[in-house]
Amino acid sequence: MHELSIAISLLDVAAEEAQNHGGGRVLAIYLRLGPLSGVVSAALLSAFELARESEGMEQCRLLIEETPIVLDCAVCQGPQPARSIQEICCATCGTPTMNLISGRELEVTAMELSDEHANASG
């Protein structure tokens with residue numbers, strides 16, 4: 001279950017960012033996740049629950065935005081959804097392509113930090 005190592009890494013990065021911004025608590029991590037990332041969102045959420053307790057960040061939430069598979073279809077001349085994760089072809093015309101616009105994401109898009117430590121020292 002590599003989702004646990006990903007969850008721990010997310011918390012480590014978030015804690016480092018919180019230190020860089022005055023040492024407040026991390027309240028939420030916003031993640032964009034595509035179906036071709038190799039990460040199962042339900043497994044990641046479950047692993048995150050375990051990891052946040054072991055890392056001392058019980059208050060932190062993980063908010064996942066699941067992105068669709070979108071391809072650049074040469075026939076339709078632009079972005080089109082894929083038929084499915086099993087059929088990477090244009091849902092409109094059926095042309096297979098590997099010109100992906102989205103679907104592989106595993107990226108932190110934002111973090112919500114409290115400023116409780118920054119206010120306590122100033």
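Coordinates for the structure precede this section.
What you see is a predicted model; the values in this text were computed from it and never measured. (Residues numbered from 1 in each chain as written. Predicted model: local features only at pLDDT ≥ 70, side-chain atom pairs only at ≥ 80, totals over all residues. Heavy atoms only, no water.)

**As for the nonpolar core**
Ranked by size, the top nonpolar core spans 18 residues in total, and within it Leu11, Val26, Ile29, Leu44, Phe48, Cys60 and Leu62 carry the most contacts. Sorting the residues of this core by element identifies α1 (3-20), β1 (26-33) and α2 (41-54) as the ones contributing at least two each. The leading source of residues in this core is α1, at 6 residues. Those residues in contact with leucine 44 that lie beyond four places of it in its chain are Glu3, Ile6, Ala7, Leu31, Val39, Leu62 and Ile64. Counting residues in hydrophobic clusters, the runner-up holds 7 residues, among them Leu71, Cys73, Ile88 and Leu100. (Core = buried A, V, L, I, M, F, W, Y, C linked by side-chain atoms within 4.5 Å. Buried < 20%, exposed > 50% of the residue type's maximum accessible area, 1.4 Å probe, protein only. Helix = DSSP H or I, 4+ residues; strand = E, 2+ residues; numbered from the N terminus. Contact = heavy atoms within 4.5 Å.)

**Quick notes on the sheet that holds strand β2 (residues 61-66)**
Strands sit in the order β2-β1-β6 across an open sheet of 3 strands; the sheet is mixed. Looking along the sheet, the strands with just one partner apiece sit at the ends: β2 and β6 (106-113). Adjacent strand axes in the sheet meet at a mean angle of 20 degrees, parallel and antiparallel pairs treated alike. Sheet topology note: the β1/β2 ladder contains 6 bridges and is parallel. Within β2, the residue paired with alanine 28 across the bridge is arginine 61. The strands touched by α1 within the sheet are β1, β2 and β6, with β1 carrying the most contacts at an inclination of about 130 degrees. Relative to β2, α2 is tilted by about 165 degrees, and along the sheet it contacts β1 and β2. (Pairing = 2+ DSSP bridges. Axes fitted to C-alpha atoms, helices over the stretch in contact; angles between N-to-C directions.)

**Re the pairing of β1**
Bridge count between β1 and β6: 7 bridges; the pairing is antiparallel. Counterpart to tyrosine 30 in the pairing with β6 is alanine 110. Tracing the backbone out of β1, into α2 and back to the parallel element β2 gives a crossover that is right-handed. (Right-handed = clockwise from strand over helix to strand, strands pointing away.)

**Observations regarding the sheet that holds strand β4 (residues 78-81)**
The strand order across the open sheet built from 3 strands is β4-β3-β5, with neighbouring strands paired in antiparallel fashion. Each edge of the open sheet is held by one strand with a lone partner, namely β4 and β5 (100-102). With strand direction ignored, the average angle separating the axes of adjacent strands in the sheet is 40 degrees. Note that strand β3 (residues 70-73) and β5 share 2 bridges and pair antiparallel. Looking at the pairing, leucine 71 lines up with leucine 100 of β5.

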